[in-house]
Amino acid sequence: MGLKGFERRLERLVEGTFARAFQSSIEPVEIGRKIVRAVEAGRRLGVKGGKVVPNDIVVYLAPPDYEEFRPYADSLARDLAEATRAHARDEGFLFVGPLSITLTADDGLRPGQLDVSAEIAQGAGGRVGVLVLPDGKRIPLSDAPAVIGRLPDCAVTLHDTRVSRHHAEVRPAGAGFAVADLGSMNGTTVNGVTVHERELVDGDQIGIGSTVIRFEAS
């Protein structure tokens, strides 16, 4: 889809409330363009031949512009990250750590100016993954297994009588992650198919009770 596809995706994300709220001379799509260029400029050939791109991104704005964005900075950063992840999938880019986008003020910039720094930051254990819940909450994965179940000590707690106390877990496997059922009463599915254990790929849908959790390798 390229840059145009990224811009269309970002415009859909920030339309409505955001579009009416921003009074800055800088548009969110303009920030997005700068991020895409920084990501593509920073790509490197990975050990296994993939195109590894920066995942630690900081957007610098002039103080007056930053003040305009500040009430929405967290939401905008999430939307920018979502569009950047989708662009990376479209282009076959790889992240080696969690994608982080931060907006901050820079006294050296004048209103209307912006700058972006983008670096490659290695994730724990050299692998990267996140669980995306139906409400959009993102649970970063690490070398420690992430248990999904009804109990409050789980990394993902689901209030569903069809879910066992410790239902399943997502754990490191090879260069990525796998989901494993923990002997639950009602089973675990990946993309609608019941599994005992399955290595996950980007975009897989994990079914636990009535909840569907998306795995993203970014």
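Rules and cut-offs
- Residues numbered from 1 in each chain as written.
- Predicted model: local features only at pLDDT ≥ 70, side-chain atom pairs only at ≥ 80, totals over all residues.
- Heavy atoms only, no water.
- pLDDT = per-residue confidence, 0-100.
- Helix = DSSP H or I, 4+ residues; strand = E, 2+ residues; numbered from the N terminus.
- Salt bridge = Lys/Arg side-chain N within 4 Å of Asp/Glu carboxyl O.
- Buried < 20%, exposed > 50% of the residue type's maximum accessible area, 1.4 Å probe, protein only.
- Pairing = 2+ DSSP bridges.
- Axes fitted to C-alpha atoms, helices over the stretch in contact; angles between N-to-C directions.
- Core = buried A, V, L, I, M, F, W, Y, C linked by side-chain atoms within 4.5 Å.
- Contact = heavy atoms within 4.5 Å.

A. Expanded view of the confidence of the model for the chain. On average, residues of the chain carry a pLDDT of 87, and 87% of them reach 70 or more. Across the chain, the secondary-structure element scoring lowest on mean pLDDT is helix α2 (residues 17–21), at 52, and the one scoring highest is strand β13 (residues 188–190), at 98.

B. Looking closely at the pattern of salt bridges. Under the counting rule described, the total for this entry stands at ten salt bridges. In this structure, E82 engages R85 in a salt bridge whose closest nitrogen and oxygen atoms are separated by 3.8 Å. Taken as a pair, E82 and R85 lie in helix α5 (residues 73–91) at a separation of three residues, close to a single helical turn. Residue class for E82 comes out partly exposed when judged on its relative accessible area of 25%. Accessibility expressed as a relative area gives 7% for R85, which makes it buried. The network of salt bridges with common partners includes E82, R85, R89, R138, D202, R214 and E216.

C. Expanded view of the sheet that holds β13. If you walk across this open sheet you meet the six strands as β8-β7-β17-β16-β13-β14, and the pairing is antiparallel. Since the sheet does not close on itself, it has two edges, and those belong to β8 (138–140) and β14 (193–195), each with one partner. Ignoring which end each strand starts from, the neighbouring axes of this sheet average 30° apart. Direction of pairing for β13 relative to strand β16 (residues 205–208): antiparallel, over a ladder of three bridges. Pairing of T188 across the sheet is with I208, part of β16.

D. Region of interest: the nonpolar core. In this structure, I31, I35, V59, L61, L80, I101 and L103 are the most contacted members of the largest nonpolar core, which totals 26 residues. For this core, the secondary structure elements donating two or more residues are α3 (28–41), β3 (56–61), α4 (63–69), α5, β5 (100–105) and β6 (114–119). Broken down by element, this core gets its largest block of residues, six residues, from α5. Excluding its chain neighbours within four sequence positions, the residues that come into contact with V59 are I31, I35, I101, T102, L103, T104, L114, D115 and V116. Within the second largest apolar cluster, 20 residues are counted, among which are L141, V163, I206 and F215.

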